[in-house]
Amino acid sequence: AHSTAWLARLYKPWGDLKLLLDLSFVQPIPMIREYLGPRVAFIFAWNGFYCKALLALTFVALPIEAAVNVLTMCGLLGPTIHKRTVLAFSVVITIWARLTVNAWNREQEYFVNLWELEPGDGSQ
């Protein structure tokens, strides 16, 4: 069902396990679009973009969570402070979500223009 030539082309930038050590997180979106069409390419582009955005959020979340847990175990933070920390991090997540949506809209517009699509032609 799949072209072995295309699978070999996709394997080089995407399927090699050595690429797990490459932290550039580049996906062959133009090749996916050419082989599978714009709708599938947008799905891969969105998943890659969202994973990068989640990774950026972990650099904020992990130190905060670790500090709160250590301070709580040492008895330096009471339950009231922990609730405030959760509320503050909820605000951080809300801001992160808005920034992520704005950035994705720009990325989506870039692909629509690059591939000369009409808005809604596989990007929704």
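What counts as what
- Residues numbered from 1 in each chain as written.
- Predicted model: local features only at pLDDT ≥ 70, side-chain atom pairs only at ≥ 80, totals over all residues.
- Heavy atoms only, no water.
- Helix = DSSP H or I, 4+ residues; strand = E, 2+ residues; numbered from the N terminus.
- Buried < 20%, exposed > 50% of the residue type's maximum accessible area, 1.4 Å probe, protein only.
- Contact = heavy atoms within 4.5 Å.
- Areas by Shrake-Rupley, 256 points an atom, 1.4 Å probe, with all protein chains shown as cover.
- Lys, Arg positive; Asp, Glu negative; His and termini not counted.
- Charge placed at Lys NZ, Arg CZ, Asp CG, Glu CD.
- Expected span 1.5 Å × (residues − 1).
- Bend = angle between axes of the 7 residues up to and from the residue.
- Polar contact = N/O pair within 3.5 Å; in protein donor to acceptor, adjacent residues only side chain to side chain.
- pLDDT = per-residue confidence, 0-100.
- Core = buried A, V, L, I, M, F, W, Y, C linked by side-chain atoms within 4.5 Å.

Student: In this structure, what is going on with the overall build of the protein chain? I would like to understand it.
Tutor: Along the backbone of the protein chain there are 4 helices and 0 strands. When the helices and strands of the protein chain are listed from N to C terminus, the series reads α-α-α-α. Seen along its three principal axes, the alpha-carbon backbone of the protein chain occupies a region of about 60 × 35 × 25 Å. Buried positions account for 22% of the 124 residues belonging to the protein chain. Counting only contacts in the protein chain whose residues sit at least 6 apart along the sequence, the fraction spanning at least 24 positions is 61%. Just so you have it, the protein chain exposes about 9100 Å², and 67% of that area is on carbon and sulfur atoms. One finds the centroid of the 10 positive side-chain charges in the protein chain at a distance of 9 Å from the centroid of its 9 negative side-chain charges.

Student: When you look at helix H3 (residues 38–73) in this model, what are you seeing that I'm missing?
Tutor: Spacing of three or four residues puts side chains on the same side of an α-helix, whose turn is 3.6 residues. Helix length check: H3, at 36 residues, gives a terminal C-alpha distance of 51 Å against a target of 52 Å (1.5 Å per residue), a fit within 8%. Along H3, the sharpest kink reaches roughly 30°, centred on threonine 58. The complete set of buried residues in H3 reads Ala41, Phe42, Ala45, Gly48, Phe49, Ala53, Leu57 and Val68. Each element contacted by the buried residues of H3 is listed here: helix H2 (29–36) and helix H4 (79–114). After H3 finishes, the residue glycine 75 shows a positive phi value of roughly 80°.

Student: Looking at this structure, how should I read the side chain of threonine 100?
Tutor: If you trace the backbone, threonine 100 turns up in helix H4. We classify threonine 100 as buried; its relative accessible area is 7%. Side-chain polar atoms of threonine 100 contact the backbone oxygen of tryptophan 96, separated by 2.8 Å. Beyond its immediate stretch of four places on either side in the chain, threonine 100 contacts Phe49 and Ala53.

Student: Would you mind going over the confidence of the model for the protein chain with me for this structure?
Tutor: In regions of low pLDDT, the predicted coordinates are not meant to be interpreted in detail. Residues of the protein chain with pLDDT of at least 70 account for 95%, and the chain-wide mean is 88. Mean pLDDT values for the elements of the protein chain range from 88 in helix H1 (residues 4–15) up to 93 in H2.

Student: Any chance you could explain the nonpolar core here in plain terms?
Tutor: The tendency in soluble globular proteins is for nonpolar side chains to be buried side by side. Within the largest apolar cluster, 15 residues are counted, with the highest numbers of intra-cluster contacts made by Ile29, Phe42, Phe111 and Trp115. Of all the elements in the fold, those that place two or more residues in this core are H1, H2, H3 and H4. Residues within four places of isoleucine 29 in sequence aside, it is in contact with Ala41, Phe44, Ala45, Phe111 and Trp115.

Student: Quick question: what am I supposed to make of the environment of asparagine 105 here?
Tutor: Mapped onto the elements of the fold, asparagine 105 is located in helix H4. Spatially, the C-alpha atom of asparagine 105 lies 24 Å from that of leucine 23, the residues being 82 residues apart in sequence.

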